[in-house]
Amino acid sequence: ATIRGTDTYEWLDGRHFVIHRVDVEVGAVRVVAIEMIGQPEPGSGVFQARAYDNQGAITDMTATVDADGVWTFRGGPDVADAAAPADGSSATEVRATLTVAPDGSRMHAHWERSIANLGWQSWMKVDFTRMAD
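Residues numbered from 1 in each chain as written. Predicted model: local features only at pLDDT ≥ 70, side-chain atom pairs only at ≥ 80, totals over all residues. Heavy atoms only, no water.

> Quick question: what am I supposed to make of the sheet that holds strand E2 (residues 18-26) here?
Adjacent strands of a sheet pair through backbone hydrogen bonds, lying either parallel or antiparallel. In spatial order, the strands read E1-E2-E3-E4-E5-E6-E7-E8-E9; together these 9 strands make up an open sheet with antiparallel pairing. At either end of the open sheet lies a strand with only one pairing partner, and these are strand E1 (3-11) and strand E9 (119-129). Here the strands of the sheet are splayed against their neighbours by 20° on average, with no regard to which way each runs. Here strand E8 (residues 106-115) runs beside E9; their pairing, made up of 10 bridges, is antiparallel. When the bridges of E9 are listed, Met107 appears paired with Phe128. (Pairing = 2+ DSSP bridges. Helix = DSSP H or I, 4+ residues; strand = E, 2+ residues; numbered from the N terminus. Axes fitted to C-alpha atoms, helices over the stretch in contact; angles between N-to-C directions.)

Below, the structure written as structure tokens:
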């Protein structure tokens, strides 16, 4: 499905949490969501993220950042229901790898699903372009 829309990221005052707002169309389905990404857990470097969407879903994910600044988000099969496979297959886990350009002008997201006995399967690739502030 074609995905069009906007994602915005901003610090909550105090810079302890990032607010991620989503307003996109996945095919014919509009998805509006707000996600809060917290501070990393001491000693583990794992961030907790929770999103709430216009369909009433609440989804939890964890995130890590590697030495190159690449973010990896992982969550259960309920993440991004609007982009569920048309064939009815289901995943046991999803992950998204977000690579931000060094100048912050672009971001590439690669979503994958873990499907029983098949390992990680590519699911969605989304490219973002930063709009003027």
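From this point, the discussion proceeds with the structure in view.
> Would you mind showing me how to read the packing of aromatic side chains here?
Note on aromatic pairs: each is described by the distance of the centres and the angle between the planes. This model, assessed by the stated rule, comprises 3 aromatic pairs. Measuring from ring centre to ring centre gives 5.0 Å for Phe47 and Trp71, while their planes differ by 50°; the resulting arrangement is tilted. Of the two residues, Phe47 sits in strand E4 (residues 47-53) while Trp71 sits in strand E6 (residues 71-75), which places them 24 residues apart along the sequence. On the numbers, 5.6 Å between centres and 80° between planes, the contact of Trp111 with Trp123 is edge-to-face. In this pair, Trp111 is assigned in strand E8 and Trp123 in strand E9, connecting sequence segments 12 residues apart. The class for Trp111 is buried, based on a relative accessible area of 17%. Through pairs of rings, three or more aromatic residues link up here, namely Phe47, Trp71 and Phe73. Over the ring of Trp120 we find Arg95; its NZ or CZ atom is 4.0 Å from the centre of that ring. (Phe/Tyr/Trp six-rings, centres within 6.5 Å; stacked < 30°, edge-to-face > 60°. Buried < 20%, exposed > 50% of the residue type's maximum accessible area, 1.4 Å probe, protein only. Lys NZ or Arg CZ within 6 Å of the ring centre and 35° of its normal.)

> I keep staring at unusual backbone geometry and nothing clicks. Help me out?
Glycine aside, the phi torsion of most residues is negative, and most peptide linkages are trans. If you check the backbone angles, Arg15 has positive phi at about 60° while not being a glycine. With respect to the secondary-structure elements, Arg15 resides in the loop between E1 and E2. Overall, the relative accessible area of 53% leaves Arg15 in the exposed class.

> Got a minute to help me understand the pairing of E6 in this structure?
Looking along a regular strand, one sees the side chains alternate between the two faces of the sheet. Summarising the sheet, strand E5 (residues 58-65) and E6 pair through 5 bridges and their orientation is antiparallel. In the sheet register, Val65 faces E6, and the bridge partner there is Trp71.

> Sorry, what's going on with the environment of Asn117 here?
Secondary-structure assignment places Asn117 in the loop between E8 and E9. In this structure, the C-alpha to C-alpha distance between Asn117 and Glu35, residues 82 residues apart in sequence, is 31 Å.

> What's the story with the pairing of strand E3 (residues 29-40) in this structure? I'm lost.
One ladder, built from 9 bridges, connects E2 with E3; its direction is antiparallel. By the bridge assignment, Arg21 is partnered in E3 with Ile34. Hairpin geometry of E2 and E3 is characterised by an intervening segment of 2 residues between the two adjacent antiparallel strands and by a positive phi of about 65° at Gly27. Judged from the 6 bridges that link them, E3 and E4 form a sheet pairing that is antiparallel. In the strand pairing of E4, Ala33 is matched with Asp53. With antiparallel pairing between neighbouring strands as the criterion, E3 and E4 make up a hairpin whose turn holds 6 residues, including Gly43 at a positive phi of roughly 85°.

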